[in-house]
Amino acid sequence: MQNNDFPKGATLVFGGSGGIGQGVATTFAASGSDVAVVYRAKKEVAERVAGEIGAMGRKCSIHAADVTDPKQIEAAVAAAIKEHGRIHTVVWAAGPVVEQVHLADTSLELWQKSINIEAHGFFNAFKATVEHLRTSGGGSYVHLGSAGHAWWPAKDGLSVAPKAANEALITGIAKEEGKNNIRANSVLVGVIEAGMFLELLKRGVFDQKWIDETQKLLCLKRWGKPEDIGRAAVYLATASYVTGQKINVSGGFGI
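Rules used in this analysis
- Residues numbered from 1 in each chain as written.
- Predicted model: local features only at pLDDT ≥ 70, side-chain atom pairs only at ≥ 80, totals over all residues.
- Heavy atoms only, no water.
- Helix = DSSP H or I, 4+ residues; strand = E, 2+ residues; numbered from the N terminus.
- Rg over C-alpha atoms; globule rule 2.2 N^0.38 Å.
- Buried < 20%, exposed > 50% of the residue type's maximum accessible area, 1.4 Å probe, protein only.
- Contact = heavy atoms within 4.5 Å.
- Areas by Shrake-Rupley, 256 points an atom, 1.4 Å probe, with all protein chains shown as cover.
- Lys, Arg positive; Asp, Glu negative; His and termini not counted.
- Charge placed at Lys NZ, Arg CZ, Asp CG, Glu CD.
- Phe/Tyr/Trp six-rings, centres within 6.5 Å; stacked < 30°, edge-to-face > 60°.
- Expected span 1.5 Å × (residues − 1).
- Pairing = 2+ DSSP bridges.
- Axes fitted to C-alpha atoms, helices over the stretch in contact; angles between N-to-C directions.
- Parallel < 35°, antiparallel > 145°, perpendicular 65-115°, else oblique.
- Left-handed = near helix turned anticlockwise from the far one by under 90°.
- Nonpolar A, V, L, I, M, F, W, Y, C, P; charged D, E, K, R; others polar.

**Side note on the overall build of the chain**
What the chain contains, in helices and strands, is 8 helices and 7 strands. Taking 18 Å as the expected radius of gyration for a compact globule of 255 residues, we find that the chain reaches 17 Å, a close match to that expectation. Projected onto its principal axes, the C-alpha positions of the chain cover 50 × 35 × 35 Å. Sorting the 255 residues of the chain into buried and exposed places 51% on the buried side. Counted over contacts in the chain with a minimum sequence separation of 6, partners at least 24 positions apart contribute 76%. Surface summary for the chain: the accessible area is close to 11800 Å², and the carbon and sulfur share equals 53%. One finds the centroid of the 27 positive side-chain charges in the chain at a distance of 4 Å from the centroid of its 25 negative side-chain charges.

**What to know about the packing of aromatic side chains**
In total, this model carries 8 aromatic pairs according to the counting rule given. Aromatic pair tryptophan 92 and phenylalanine 122: ring centres 5.7 Å apart, planes at 50°, arrangement tilted. Taken together, the positions of tryptophan 92 in strand S4 (residues 87-92) and phenylalanine 122 in helix H4 (residues 108-135) put the pair 30 residues apart, joining distant regions of the chain. By relative accessible area, tryptophan 92 is classed as buried at 0%. Through a chain of ring-to-ring contacts, three or more aromatic side chains come together here, namely Phe14, Trp92 and Phe122.

**Brief notes about the side chain of serine 114**
Tracing the chain through its elements places serine 114 in helix H4. Beyond its immediate chain neighbours, meaning those up to four positions away, serine 114 contacts Ala119, Leu158 and Pro162.

**Concerning helix H1 (residues 19-30)**
Across its 12 residues, H1 extends 17 Å between first and last C-alpha, which sits within 8% of the 16 Å expected from 1.5 Å per residue. The complete set of buried residues in H1 reads Gly21, Gln22, Gly23, Val24, Ala25, Thr26, Thr27, Phe28 and Ala29. Each element contacted by the buried residues of H1 is listed here: strand S1 (10-14), strand S2 (34-39), helix H2 (43-55), S4, strand S5 (139-146) and helix H8 (226-238). With its phi angle positive at about 110°, glycine 32 sits one or two positions after the end of H1.

**Some thoughts on the environment of leucine 133**
Counting through the fold element by element, leucine 133 comes out in helix H4. Leucine 133 sits in the buried class, given a relative accessible area of 0%. For the pair formed by leucine 133 and serine 250, sequence separation is 117 residues and the distance between their alpha carbons is 30 Å. If sequence neighbours within four positions are ignored, leucine 133 has contacts with Ile87, Val90, Gly138, Gly139, Ser140, Tyr141 and Ile182.

**A look at the sheet that holds strand S3 (residues 60-64)**
Strands sit in the order S3-S2-S1-S4-S5-S6-S7 across an open sheet of 7 strands; the sheet is parallel. Only two strands of the sheet have a single neighbouring strand rather than two, namely S3 and strand S7 (246-249). When strand polarity is set aside, the average angle formed by the axes of neighbouring strands in this sheet is 20°. With 4 bridges joining them, S4 and S5 adopt parallel strand pairing.

**With respect to the packing of H1 against H8**
Two packed helices can be described by the angle between their axes and the distance between those axes. Running from N to C, H1 and H8 point in directions that differ by 50°, and their axes come no closer than 8 Å. Relative to H8, H1 is oriented oblique. Classified by chirality, the crossing of H8 by H1 is right-handed. Seen from H1, the contacting residues are Gly19, Ile20, Gly23, Val24, Thr27 and Phe28; seen from H8, they are Pro226, Glu227, Ile229, Gly230, Arg231, Ala233, Val234 and Ala237. Tallied by class, residues from the contact of H1 with H8 come to 8 nonpolar, 4 polar and 2 charged.

No statement about biological role is implied by the geometric values presented.
Below you can see the structure in the form of structure tokens.
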């Protein structure tokens, strides 16, 4: 899959070593973009992703940063720009494994951790990149949100609520930065057979009853793949007259 709509430069993927982020990074590469992967701790995974992208004939750099630390993000962004010359797309795929608890049972510590990583982290990434996008002719932000934004899933509040703050930020970026040829959109992510979902399955958080009930809510009777999210993200990154929008990639969950 080759896409000629990407300008010179790279797609910056925060969380590119995560289960879904890996698939997003490689999908952008397969679509014709060089990639800069930002990871927190999984250096070996980031290196493997870079190797896979290199085998496609695209350039990939990796950069370590804790997204809760603005200085670390600024350093990673500066290094990526130095490596690639320009960042044309910023993808937010970072986030923790989300504990599945009802809101009333959520500890303040867990709530603050989720807000700090998801909401503050994305704002840090925006602040570190927006001036570069302005002075480089524009670009786009693609936020990986939650399908729970449209249909609330029980016990998933630590994912849905912080990402809802980011959905508001995406709308604000679209409104305020359109004059600078900067677009902002979201992919609402459903149950994807990677990353957090597989980890929670392994822990036994999701039992057979949960699987059966969730499958009943899906129009498409399969779990999603990281590439499904990647293709939607590539579309939003290259659809030059689309901004402030959300694509629900959830197999028709809950409709």
